[in-house]
Every structure is written in structure tokens, then in C-alpha cells.
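# Inside the fold
One-letter residues, chain by chain:
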Amino acid sequence: MGKLFETVSEKFKSYVMPTYAPSIMFVRGKDARLWDDDGNEYLDFASGIAVCSLGHCNDRVTAAIQEQCAKLVHVSNLYMNEVMPLLAEKLVKNSIAGGKVFFCNSGAEANEGMIKLARKYGNRTGRNHIISMDNSFHGRTLATLAATGRAKYRKGFEEEMPGFTQVPFNDFEALKAAVTPKTCGIMLEMLQGEGGVIPADKEYLQKVRALCDEKDILLLCDEVQCGMGRLGTRFAYQKFGVEPDIISMAKAIANGFPMGAVLAGPKCADVFEVGNHASTFGGTPLACAAALAVQDAFDQDQVLENCEKEGAFLREELSRLAGNYSFVKGVRGMGLMIGIVLDRPAGGLAGLLLKDKMVALTAGETVLRLVPPLTITRKDSLLAVEKISKALAEFAKTEGIA
Ligand SMILES: *Cc1c(COP(=O)(O)O)cnc(C)c1O
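Residues numbered from 1 in each chain as written. Predicted model: local features only at pLDDT ≥ 70, side-chain atom pairs only at ≥ 80, totals over all residues. Heavy atoms only, no water.

## Some details on the nonpolar core
Residues L175, I186 and L370 are the most contacted members of the largest nonpolar core, which totals 102 residues. The dominant element in this core, judged by the number of residues it contributes, is helix α9 (residues 285-300), at nine residues. When neighbours within four sequence positions are excluded, L370 is seen to be in contact with F45, L318, L336, M337, I338, I340, M358, A360 and I388. Counting residues in each nonpolar core, the second largest holds 22 residues, with A118, A146, L218 and L220 among its members. (Core = buried A, V, L, I, M, F, W, Y, C linked by side-chain atoms within 4.5 Å. Buried < 20%, exposed > 50% of the residue type's maximum accessible area, 1.4 Å probe, protein only. Helix = DSSP H or I, 4+ residues; strand = E, 2+ residues; numbered from the N terminus. Contact = heavy atoms within 4.5 Å.)

Spelled out as C-alpha cells, the structure:
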């Protein structure tokens, strides 16, 4: 812990609401590397929380931000914006034909927009209830909390927003039984992130899609974490071959510059009318320039190919390691969203990695979550495997298991 950390933490304790408890401070980043205030170098397999997917301070994104911020940072949505429609076109042309986009600033705000859009669509026929999944995570605002399938996050914030119910994930019969004449949307993450890196079953999604079509229910996909190339395709749904009606995105959309977006397919692309929904900063030129640079990287830098290649390599190497330890139940995930599933809390393992200068995350208590940059090199993948191998051996010792 450096001097700078000590000075800053004092102020943090005095002046910042204690919603987080950071124990380390990073002051600089480049690609898959971070440096703390003592000059220590870390291998970053967290990317923020799946945010800096092109690595820290990606050259394309940095140049785009520098150029745009010298030209025009912000203009109100009351005026035309020269960058935003280009980004919308790029997103739609790579996803749902006939789609349209609304821009905002975060994942929760994107999900709020998605929920409002589904309600407006459904209310025309008297329907405004949304079914979401146990174990899901959709954000911390009141509506997204009501959609989040973890009651503990809602505790203390009563009363709950009405109109939401949860059912077990990947259980089609339970979902079907929960549908009522009031249901307007089914909301899910195709690969649950915070819940523990849990992918949806393909057949399950196909059945959900058919159910939605039959009952005119909208399929709402929260791609805030699993989208934007993380699974090896531009959008997560493309990995499963099931097209949603609305997609929310955020996290990696502008490689760390705050931004969110709602992309609706033709069924509900024109449901919001002038004055229905808004966001002061949504689609601001600076954010859009950063996001366009991310799209350029997808177009030109073989980012998705690298994600597939390194993801497959890491999952194979980690599965091999996992076989050596009885407390490791397995390795799961897709692309570069990888979970090492333990039979006990994974926090200690993440702590050992951090001590060895590697940043990783946990998910759903017992899962070590790895979300490195999609641009990770083979050399860094190998270094990560080496560090994880050491940490697993150390963890076995500290937990008293052979
Ligand atoms: C992070 C996350 C959110 C919330 O995003 P914020 O930008 O923190 O509001 C919503 N859904 C999923 C799946 C997420 O991973």
C-alpha cells in the first residue's frame, strides 16, 4: 500500500459513502496491465468488471476520445449530433434488421429503458408484467432491482416496484407456468455474469423464443456483461442463435467511457415517441466517438477471433488444472467469460491471485470469474494459467485440502 493510497483513503473514509471498500489503488493501465500507486505491475483479468474489453487505454479509443473532446464534448439531444446516428447504424447493422437504438449512460439505465419500452408495448393490450430469472443481475435502480433475481439486494429498499416476478433459470416449465395474461416481457442474461457465469441452454432459449412469439411477449436480453464481443460474437445472442426483441448493453460498449444503449427490433423500435423517454447525457458525442472506435476495432483488429482462440485455450488449460483439485468442480463459460467453479467461497482464491499481482473477480460466491481483455495475448494467457495454477495449490494448502 503506497503513500498516495493512505492520503486518498483518509478522504475516502471521510467524504465518500461506503458503498465500496477498496483496498488497493490503480493509477495507470495499458492493455492487460495495471499499475498501483507503489509502481507494482498487475495482470488484469477483470477489465474493470468486463468493461475495458480492448484493454486499458486502447490506442484507437484514446485517439477517438482525444479528437472528439477537442471538437465537441456534449450537445443536448434537442440538436442533431453528428456521431450518434453513425454508432446506432453500426450497432443495428451488426444485429437485428430493422432495429433502432436509444442511448443512455449505464447498464441499469439501459435496463430501465428496456423495461419501460416493454411496458409501453404491453400496455397497449393491458399487459405490463415482466418475468426475470433467479440469480440474475440487472442493476441497482428500483426497477432493475425488482428484476434482479437476488432478494438480498432489495432488502432495506422496500417497497418493491410491482410488476416483476422471478423463476428458476433454464427451467422452461417454471417459466411457462409463471406467464399470465399480464405478462409483457421475459427478461434474461443469455450468460449470467454476477450470478456465477451460468450460460442459458440453447434449447431452453429456443423454447422461450417460441413461447414469446405465441403469446406476443417480448424477449428482453440483458447483454450488459455478456455482450459486446465477450462471448466471441458481437452480440451474445448470436452465440445462441435466438434473436431477442430488445437488447440492453453498457459495460464494454465504449471500453470504459460510461455509456449504455437499448436496441429494439422492428416489433418495438418505434414504440417510444417524442417525449416518451430521455437522458440528458445519452448519446453524447464524446461517448459515441469512444464507442465507434470500439466498433472499428471489432471491424479491423480480429478482436472476436482472438476472443474465441484465447477463450478456448484458457478454458482447456484451466479445465486441465481443475482436474487436479477436488474442491474445483469445473470450468464453464464461453469466449472470454470464464468461471472456475469451486465447492466453497472463491474470495480467498481471488485474494491469493491479487497477492501474486493478478486481478480476477468472483461471481455468485463460489465462482472465480475471469474476464480478461478480448485482445489478450497468448503470452498473457499462459502467465494467467501459471498464476492460477500457483494460487490453486496455495489455496488447497490454506484450506487444508490435498
Ligand atoms: C453490470 C451489470 C448491470 C448494471 O450495469 P451498471 O452500469 O452498473 O448500472 C446490469 N446487468 C448486467 C448483466 C450487468 O452485468
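## Structural notes on the pattern of salt bridges
Here the idea is simple: oppositely charged side chains can pair when their charged atoms come close. Under the definition given, this model contains 27 salt bridges. Close ionic contact of D380 with R33 constitutes a salt bridge, the shortest N to O distance being 2.9 Å. Residue D380 is found in helix α12 (residues 378-398), and its partner R33 is found in strand β2 (residues 33-36); the two are separated by 347 residues along the sequence. Pair check on accessibility: D380 and R33 agree, each one buried. (Salt bridge = Lys/Arg side-chain N within 4 Å of Asp/Glu carboxyl O.)

## Regarding α12
For α12, spanning 21 residues, the distance from its first C-alpha to its last is 30 Å, which sits close to the expected 30 Å at 1.5 Å a residue. Where α12 is concerned, the buried positions are D380, S381, A384, V385, K387, I388, A391, L392, F395 and A396. Immediately beyond the C-terminal end of α12, within one or two residues, lies G400, with a positive phi of roughly 70 degrees. (Expected span 1.5 Å × (residues − 1).)

## Side note on the environment of Q238
Mapped onto the secondary structure, Q238 falls in the loop between β10 (218-222) and β11 (246-249). On the accessibility criterion, Q238 (30% relative accessible area) is partly exposed. A sequence separation of 11 residues divides Q238 from M249, and the C-alpha atoms of the two residues are 14 Å apart.

## Examining the site of the ligand
Taken together, S106, G107, A108, N111, F137, H138, G139, E189, D222, V224, Q225 and K251 form the complete shell of residues around the ligand. Within the side chain of Q225, a nitrogen or oxygen atom sits 2.7 Å from an oxygen atom of the ligand. Examining the composition of the shell around the ligand, we find that three residues originate from one element, helix α5 (residues 107-123), more than from any other. Class assignment for the residues of the shell around the ligand results in three nonpolar, six polar and three charged. (Near = heavy atom within 4 Å. Polar contact = N/O pair within 3.5 Å; in protein donor to acceptor, adjacent residues only side chain to side chain. Nonpolar A, V, L, I, M, F, W, Y, C, P; charged D, E, K, R; others polar.)

## Quick notes on the pairing of strand β13 (residues 328-334)
Where β13 lies against strand β14 (residues 337-342), six bridges are found, and the strand directions are antiparallel. When the bridges of β14 are listed, G330 appears paired with V341. The hairpin turn running from β13 into β14, its antiparallel successor, is two residues long, and G335 in that turn takes a positive phi close to 55 degrees. (Pairing = 2+ DSSP bridges.)

## Considering the packing of aromatic side chains
Scanning the entire structure with this criterion turns up seven aromatic pairs. On the numbers, 5.0 Å between centres and 80 degrees between planes, the contact of F26 with Y42 is edge-to-face. In this pair, F26 is assigned in strand β1 (residues 26-30) and Y42 in strand β3 (residues 41-44), connecting sequence segments 16 residues apart. Look at Y42 and you get buried, because its relative accessible area is 4%. Relative to Y153, the ring of F137 lies with its centre 5.8 Å away and its plane at 90 degrees, an arrangement referred to as edge-to-face. Residue F137 is found in the loop between β5 (129-133) and α6 (142-147), and its partner Y153 is found in the loop between α6 and β6 (164-167); the two are separated by 16 residues along the sequence. Classification of F137 as buried rests on a relative accessible area of 18%. Residue classification places Y153 among the buried residues on the basis of a relative accessible area of 16%. Aromatic ring contacts, followed pair by pair, group Y325, F327 and F395 into a single cluster. Geometry around Y153 places R140 over its ring, the cationic atom sitting 4.1 Å from the centre. (Phe/Tyr/Trp six-rings, centres within 6.5 Å; stacked < 30°, edge-to-face > 60°. Lys NZ or Arg CZ within 6 Å of the ring centre and 35° of its normal.)

## A short note on a nonpolar patch on the surface
Taken together, the side chains of L4, V8 and V27 define a hydrophobic patch exposed on the protein surface, amounting to about 240 Å² of accessible area. As for its position among the elements, L4 is in helix α1 (residues 3-15). You can call L4 partly exposed: its relative accessible area is 45%. (Patch = residues over 30% accessible without salt bridge, like charges linked within 9 Å, V, L, I, M, F, W, Y side chains within 5 Å. Areas by Shrake-Rupley, 256 points an atom, 1.4 Å probe, with all protein chains shown as cover.)

## Digging into the sheet that holds β3
Taken in spatial order, the four strands make up an open sheet running β1-β2-β3-β15, and their pairing is mixed. Lying at the two open borders of the sheet, with one neighbouring strand each, are β1 and β15 (358-359). Note that β1 and β2 share four bridges and pair antiparallel. Opposite G29, over in β2, you have L34 as the bridge partner.

## Digging into the side chain of H277
Structurally, the position occupied by H277 is in the loop between β12 (260-264) and α9. For H277, the side chain forms a polar contact with the side chain of K116, separated by 3.0 Å. If we skip the residues at most four places from it in the chain, H277 touches F102, G113, K116 and F272.

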